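Descriptive structure summary
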There are 2 protein chains.
Amino acid sequence: MRILIDAMGGDNAPGAIVQGAVTAAGEFGAEVVLVGREAEVRECLERCGGGKRVSVVNADEVITMEDDPSTATRRKKNSSMSLALQMLHQGEGDACVSAGSTGALLSGATLTVRRIPGIRRACFAPVVPNGERGVIIADCGANAECTAEYLLQFAYMGSFYSQEILGCDAPRVGLLNIGTEESKGTALQKETYALLTQADVEGRLRFVGNVEPTQLLSGQVDVVVCDGFSGNVLLKSVEGTAGFLMNRLKKTLTRSTANKLAALVLRNDLGELKALLDVSEVGGTPLLGLTRPVIKAHGSSDARAIRSAVKQAIACVEADVCGRIEKNIAQMRIKNT
Amino acid sequence: MRILIDAMGGDNAPGAIVQGAVTAAGEFGAEVVLVGREAEVRECLERCGGGKRVSVVNADEVITMEDDPSTATRRKKNSSMSLALQMLHQGEGDACVSAGSTGALLSGATLTVRRIPGIRRACFAPVVPNGERGVIIADCGANAECTAEYLLQFAYMGSFYSQEILGCDAPRVGLLNIGTEESKGTALQKETYALLTQADVEGRLRFVGNVEPTQLLSGQVDVVVCDGFSGNVLLKSVEGTAGFLMNRLKKTLTRSTANKLAALVLRNDLGELKALLDVSEVGGTPLLGLTRPVIKAHGSSDARAIRSAVKQAIACVEADVCGRIEKNIAQMRIKNT
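Residues numbered from 1 in each chain as written. Chains lettered and ligands numbered in written order. Predicted model: local features only at pLDDT ≥ 70, side-chain atom pairs only at ≥ 80, totals over all residues. Heavy atoms only, no water.

Glancing now at the interface of chain A and chain B. Across the contact, 45 residues belong to chain A and 45 residues belong to chain B. Across the interface of chain A and chain B, roughly 4200 Å² is buried in total on both sides, 74% from carbon and sulfur atoms. The largest per-residue losses of area from chain A upon contact with chain B belong to Ile178, Phe229 and Leu245 of chain A, which jointly make up 16% of the total buried on that side. Scanning the region where chain A abuts chain B turns up 6 salt bridges. (Contact = heavy atoms within 4.5 Å. Buried area = accessible area lost by both parts, 1.4 Å probe. Salt bridge = Lys/Arg side-chain N within 4 Å of Asp/Glu carboxyl O.)

The pLDDT averaged across chain A works out to 94; a share of 98% of its residues lies at or above 70. The ipTM assigned to the predicted complex is 0.93, against a pTM of 0.94. (pLDDT = per-residue confidence, 0-100.)

With that settled, the discussion passes to the packing of aromatic side chains. Residues and elements named next belong to chain A. Counting across every chain of the model gives 4 aromatic pairs over all chains. Here tyrosine 156 and phenylalanine 160 contribute two aromatic rings whose centre-to-centre distance is 6.2 Å and whose plane-to-plane angle is 40°, an arrangement assigned as tilted. A residue pair is termed a helical-turn pair when its members lie 3 or 4 positions apart in one helix, as tyrosine 156 and phenylalanine 160 do in helix α6 (residues 148-164) at 4 residues. A residue is classified by how much of its surface remains accessible, and tyrosine 156, at 1% relative accessible area, is buried. Overall, the relative accessible area of 3% leaves phenylalanine 160 in the buried class. (Phe/Tyr/Trp six-rings, centres within 6.5 Å; stacked < 30°, edge-to-face > 60°. Helix = DSSP H or I, 4+ residues; strand = E, 2+ residues; numbered from the N terminus. Buried < 20%, exposed > 50% of the residue type's maximum accessible area, 1.4 Å probe, protein only.)

This part covers the sheet that holds strand β5 (residues 123-124) of chain B. Whenever strands of a sheet pair, they do so through backbone hydrogen bonds, lying parallel or antiparallel. Residues and elements named next belong to chain B. The 7 strands are arranged β3-β2-β1-β4-β12-β11-β5 in an open sheet whose pairing can be described as mixed. The open sheet has two free edges, formed respectively by β3 (54-58) and β5, since each of these has just one partner strand. One ladder, built from 2 bridges, connects strand β11 (residues 285-288) with strand β12 (residues 294-296); its direction is antiparallel. Counterpart to threonine 285 in the pairing with β12 is lysine 296. With respect to the sheet, helix α6 (residues 148-164) is in contact with β5 and β11, its orientation differing from that of β11 by roughly 130°. Where helix α12 (residues 303-319) meets the sheet, it contacts β1 (2-6), β2 (31-36), β4 (95-98), β11 and β12, and its direction lies at approximately 160° from that of β4. (Pairing = 2+ DSSP bridges. Axes fitted to C-alpha atoms, helices over the stretch in contact; angles between N-to-C directions.)

In C-alpha cells, the structure reads:
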C-alpha cells in the first residue's frame, strides 16, 4: 500500500509532515511517498534519520493560504498538493493526506480524484471525540448549501465510515435540528427527515430522528447529518468552547501556590480530560464521496497528528470505504431524479 | 413599573416562579403581577411569606409542552401566558416574563403584543457569557429561515440591546460564518455582509466582518448576527460542550480520595469557573422587535433565574429598548422594499 503525502501543506510543513510520515511508515508498514520540494524534504528526512519505505517525489510549487482555493490546484499544477492528487488519480498511490488549504484540497480533489458516479457532493466527515467511539459530523463545511439528496448521501457515507473505520455495527444517524419534533427546522430538514425515515423503514440505515447539539457529546448518536454551514458552526463551537474552558481551567489551576499543588495531584487525570478532546489523536477529516480516500489533516498538525492521519488513510484503504459507497450507490439516489 | 409574570410556565412553576418574582419585587422595587391559577399561586405566595408590591391575576388554563406552539395562545385564551401577553398589549404592565413554551411565547407575543411597524421578524437574542460582558446571539431560534433584511434588523436590535442593557458603547457586530473571508457562506451571508458593510460605512453600526464560533468566547465581538437555525446550533453547542466538560471535570475530581482533597483546595476557584457559564446569572432571553419587552426565561429556571429575568425586564423598560428600535426603524429597512 502506498500513501501519498503533501509534504508542503500545513503550518509545520515540511518538518512535522516528514517526521509524522516516517513514523507512520515504520509503525504501520505502509509505503509513504512525500511529495514536495525535494531538497527541503530530503533535508527533513535526514534530520529525522531517514526511514524505510519512504520515497520523495519533487514538486516545485506550494499552494499557500493566499491562493484562491477554487483555482489553486489548476493554477499550480506542479504544486505538492496537485501532484499528490494527480498521482492518486493515476493509481500511483492508494490514498492521499494533506494538511494544506482545506478549500484547495476540496476543489482539487473533486476535480482530479473525482466523485464516485452518482454522488452529488463530497463531504467532510470529521469524528468529534466524546469519550466513547466519537461522533461523525457530515457535512462539516464542504457544502454551505445543500439539498435533501446530498444529506441522504452524507447519511449513508457517514454510516459506512462509522461501520468500517470506527467499528460501529449499526450506526445511529441523527439529523441536526433545532428541536426533536419532526416539524422543526427549514424545508431542508423536513425533506431530509422524510428521506431518512424512508431509508430507515427500508432497513438501509438506522435513523434515530432529529438531534440537537447537546445530544452529540452524550453518546446518543453515531453520525450527525447536516448542511456544511451548520456542521461547521457545530464543530467550531464545540472546539471553541472546549478550548475556552480548558484555558480557563489552566488559569484557575495556576492562580495560587495551593492551586498549583492541588493541580499536581490531579495532573494525570486532567491530562486524560484534555486528551479526550484532542484532535491530534483522532487524525484527520476524510473527504467522503471521492473515488479514492483523501484525508485532510488539520492545518496546525504536528508529527503525531500526521502519523494519525496516515494511519486513518491506511484504514480507509484496507476497509475499502470508497468501494462500499460505490456498491451502494443505487440506494443513495432519489428515485425521481 | 409593573412586570407581568406567567406564573405557570416552566418546569418549576409555580413555586420557583413565585419565589423569584417575590425576591425581585423586594429587591428592585418594581410591582410584579403573577398571572396563573390563583389558588395555587396564592399558596406559593404564602409559603414564601408573601411580598410587597405583588398581586395575583387568575388564569384558569396552562399552556403545556404538548400544546401546538403556533396555536397555543389562541386556543387557550385564558391561559396564564395568553393573559399576561394580553395585559401587556393593553398597557396593564410594562414587560412580560415567561418560562413557558418557547414556541408558544414567540407566536403568542408576535400575535398579541405585535411587532414594531417595519420590523420583519422578532428575534431571540440571548447573552452568552464569556467571562467579560458577554456576547449577544441574534437570532437564536425564532426564525429558522431568514432574509438578509431580517439579519440587518437583528444587527441593529442586538446593538441597541448591547448598548442599553450591557453598557457597551460601540458594540462590535460580527456575522456568523464558516470563515472570515467576504466570499464565505451561502447567498444569505454574502447579501447580509454587503448590507452590514454599508451600514458600517454610513456610521450606523459597527460591523467587524465575518466571525467564526471560536471568536465568540474570546471576546472579539459583542453581537453575533445569524439565522435562527445556525444561532440555535451555536448556542446549544456551547451549552452542550460546557455541560459535557464540567460533568467530566466533576467525575475527575471525585475519582479518588487524593483527587477529592485536591478538589477541596480548588473549590472556590472552580465554582467561579462554573458560574462563568451559568445561565441563571444571565437572566432570560429577550424577544426583540416587539412593541414591549418580552423575556423568555429558561424552562428549567429556578427562583434565582426568575429573579434575574425580572431584573432584566425592568432594565429593558427603564432603558426603553423598544423605543430605541422604533425611533431607528428608517435605517433598518432595505430601501428597495
